[in-house]
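Read off the chains here:
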Amino acid sequence: MKKLILTALAVAMLGTGSATAQTAAQPSAQPAAAPYWQQAVRYQIDVDLDHNQHRLEGTMRLEYTNHSPDVLDEIFMHLYWNAFQPGSMMSNMANIPTQFKDKAIGTRIQDLKPHEEGEQIVRRITHNGRDLAFDVNQTILHARLDQPIAPGATHVFELEYTTRIPIVIERAGRSNKEGIDYSFTQWYPKMCVYDRDGWHPDLYVAREFYGDFGRFEVNVTADASFVLGGTGVLQNPSEIGHGYSDTPVKHKKKSRITWRFAADNVHDFAWTADREYRHQRFTLPTGTEIHYFYQPDEKSRMMYENDRFRADIATYFAFMNEHFGPYRWPQFSVIQGGEGAMEYPMCTLMESHGDDYLGTFGVVAHEGSHMWFYGMLATDEQRYHWMDEGFTSRIVSRLEGENFILRVQGGEIGVRDPDLLLDAFFHHDLLLDLGATDLFHVLGVEGAHIHADGALELAPRPLLPVRLGCAQRTGLVPALRVLGLEVRVGVGRQAAAHMELGLAVGGADGELVQGDAAVGDLL
């Protein structure tokens, strides 16, 4: 089991990593001690939902701030839903007759009829008010800039676009198998990340994502019969009703209303729309508002109208806040929708027709735990998609009382049950015949290996990158102690987290103090 799971990580990193970043703009050479930075974004999106034609008509304004030391003379954007067309890379990759075959997708994309396909059609882009030429390669839009973005500068991009909404196959679309009308995830033109490794224009062939932290202001105009839920806080609840206000709001038949959402310090935005949703909400003692959206069928009601659901949500958040740091966002929504179950900032979309309450609530706990290690403390999931799954599996195992522990002894991490640890931390089902030493070489942790007794020995080298959205996320320091590691976080807007073992300590501002026991710093 150890070999299979460990080598799976190498496959994932080699197969879906951001190698394309190296074919685009290259970052300038930086010393090892260069200060940490990350880009900042502000999205203002207005869309109109045409539920008869299954289309979104949209405009988007993106303020992009370049905190890097590099001059950027090009940009890349994701157009994820172009993957839902016959002949796309996602469709082709899903059917390679090898161990990589994706049975969940199979030939479903290839078999789509024209009216079932997805597409994101960008009609126009302006850059600081001037028209910008661009080209599209499947799910990636690329444009050369006449006005390069200098370090510290903020540039404005405005887009006009149309989105054809596909049948739900992978995460998003219309008419999922439980009857939810629309699940909007990866639904808008999204700027690719530029980090110390360059641009990350990854074609959409997998299930995980990477984005810059920022502010989202999303306005959705739709028929008043729809109920919407998702990321962010509704800014006009008294106009909308639908469970968002204490006073009911009546809307005329066939009227259209505009929902205005806002979210700060997030790296993505997801939402759903359904005409049969029941929407309920309550507030935790911490002030976090909990929303849940579901259809009133028997299987869905078994979950969401169970007498213990609210109490279990409250207990879960109390546990997470105590052991893994405070939940920093103002709300969290559990939403019936999508395909399978998937986390997004401030919400999870999940199929909810489980066989029993506890099993389905376990999915809520799993996806909710991603708010800490996918949402508020974010990673490049394209490269390290096992990482937040590993943390989340560890959390859920604690919730369920799994019997394994970690202990720190010098430079070794020992486990009571090595197979169980590896199954939780390196959570994947892909296989490749590589050894553990080769795997850690891929990670850049040369010399690390697993002893016969299951102990993991780490050499004092950089480990893995983790991105912090803002200084507030210093409240998540206790979370990384899930691995029994001491964590110190720097101060200021561009904070960096440092992970250390043994006697290595952080300085006054959280900088890493070199020592024999230091495993690395998470940047």
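An account of the accompanying structure is given in this report.

So, how was this worked out
Residues numbered from 1 in each chain as written. Predicted model: local features only at pLDDT ≥ 70, side-chain atom pairs only at ≥ 80, totals over all residues. Heavy atoms only, no water. Salt bridge = Lys/Arg side-chain N within 4 Å of Asp/Glu carboxyl O. Helix = DSSP H or I, 4+ residues; strand = E, 2+ residues; numbered from the N terminus. Phe/Tyr/Trp six-rings, centres within 6.5 Å; stacked < 30°, edge-to-face > 60°. Buried < 20%, exposed > 50% of the residue type's maximum accessible area, 1.4 Å probe, protein only. Axes fitted to C-alpha atoms, helices over the stretch in contact; angles between N-to-C directions. Parallel < 35°, antiparallel > 145°, perpendicular 65-115°, else oblique. Left-handed = near helix turned anticlockwise from the far one by under 90°. Contact = heavy atoms within 4.5 Å. Nonpolar A, V, L, I, M, F, W, Y, C, P; charged D, E, K, R; others polar. Core = buried A, V, L, I, M, F, W, Y, C linked by side-chain atoms within 4.5 Å. Pairing = 2+ DSSP bridges. Patch = residues over 30% accessible without salt bridge, like charges linked within 9 Å, V, L, I, M, F, W, Y side chains within 5 Å. Areas by Shrake-Rupley, 256 points an atom, 1.4 Å probe, with all protein chains shown as cover.

**Brief notes about the pattern of salt bridges**
Then step 1. Evaluated as defined, the whole model comprises 19 salt bridges.
Then step 2. A salt bridge links Asp-268 to Lys-190; the nearest nitrogen and oxygen atoms lie 3.7 Å apart. Of the two residues, Asp-268 is situated in the loop between β17 (256–266) and β18 (271–274) and Lys-190 in strand β11 (residues 190–191); the sequence distance between them amounts to 78 residues.
Then step 3. Each of Arg-42, Arg-215, Glu-217 and Asp-264 takes part in a single network of salt bridges with overlapping partners.

**A look at the packing of aromatic side chains**
Then step 1. For the coordinates displayed, the defined rule picks out 42 aromatic pairs.
Then step 2. Here Phe-84 and Tyr-204 contribute two aromatic rings whose centre-to-centre distance is 6.3 Å and whose plane-to-plane angle is 90 degrees, an arrangement assigned as edge-to-face. Placement of the pair is Phe-84 in the loop between β3 (72–78) and α2 (89–93) and Tyr-204 in the loop between β13 (198–199) and β14 (214–223), with a sequence separation of 120 residues.
Then step 3. On the basis of relative accessibility, which here comes to 1%, the residue Phe-84 falls in the buried class.
Then step 4. Geometrically, the ring pair formed by Tyr-182 and Phe-226 is tilted, given 6.0 Å between the ring centres and 50 degrees between the ring planes. Placement of Tyr-182 in strand β10 (residues 182–184) and of Phe-226 in the loop between β14 and β15 (227–230) is noted, with a sequence separation of 44 residues between them. For the pair formed by Tyr-182 and Phe-226, the shared burial category is buried.

**A look at the packing of helix α5 (residues 309–324) against helix α7 (residues 381–399)**
Then step 1. Axis separation between α5 and α7 bottoms out at 12 Å; the angle between their running directions is 120 degrees. The angle between α5 and α7 falls in the class oblique. When the axes of α5 and α7 are compared, the crossing they make is right-handed. On α7, the residues touching Tyr-316, Phe-319, Met-320, His-323 and Phe-324 of α5 are Ile-395, Arg-398 and Leu-399.
Then step 2. By residue class, the composition of the contact of α5 with α7 is 6 nonpolar, 1 polar and 1 charged.

**Structural notes on the nonpolar core**
Then step 1. Ranked by internal contacts, the top residues of the largest apolar core, which has 111 residues, are Tyr-64, Phe-157, Trp-187, Trp-271 and Trp-372.
Then step 2. Counting residues per element, this core draws most heavily on helix α6 (residues 357–376), at 9 residues.

**Let's talk about the pairing of strand β23 (residues 347–350)**
Along a regular strand, successive side chains alternate from one face of the sheet to the other.
Then step 1. Taking every second residue as pointing to the same face, both faces of β23 are buried, with Cys-347 and Leu-349 on one and Thr-348 and Met-350 on the other.
Then step 2. When strand β21 (residues 331–336) meets β23, the two strands line up parallel, connected through 4 bridges. Residue pairing in the sheet places Ile-335 in a bridge with Leu-349 of β23.
Then step 3. By the bridge criterion, 4 bridges tie strand β22 (residues 341–344) to β23 in an arrangement that is antiparallel. Note on β23: the bridge partner recorded for Met-342 is Leu-349.
Then step 4. If you look at the hairpin formed by β22 and β23, you'll find 2 residues sitting between the two strands, and Met-346 has a positive phi there, around 70 degrees.

**Some words on a nonpolar patch on the surface**
Then step 1. Taken together, the side chains of Met-89, Met-93 and Ile-96 make up a nonpolar region of the molecular surface, amounting to roughly 210 Å² of accessible area.
Then step 2. Within the fold, Met-89 resides in helix α2.
Then step 3. For Met-89, a relative accessible area of 31% gives the class partly exposed.

**Description of the sheet that holds strand β4 (residues 119–127)**
Then step 1. One open sheet accounts for 8 strands, arranged β5-β4-β8-β2-β1-β14-β17-β16; its pairing is mixed. Of all strands in the sheet, those with a lone pairing partner are β5 (130–131) and β16 (233–234), marking the two edges.

**Structural notes on the sheet that holds β11**
Then step 1. Read from one edge of the open sheet, 4 strands run β6-β7-β3-β11, paired in antiparallel fashion. Of all the strands in the sheet, the pair left with one neighbour each is β6 (135–137) and β11.
Then step 2. Summarising the sheet, β6 and strand β7 (residues 140–149) pair through 3 bridges and their orientation is antiparallel. Considered in β7, the bridge of Asn-137 is made with Ile-140.

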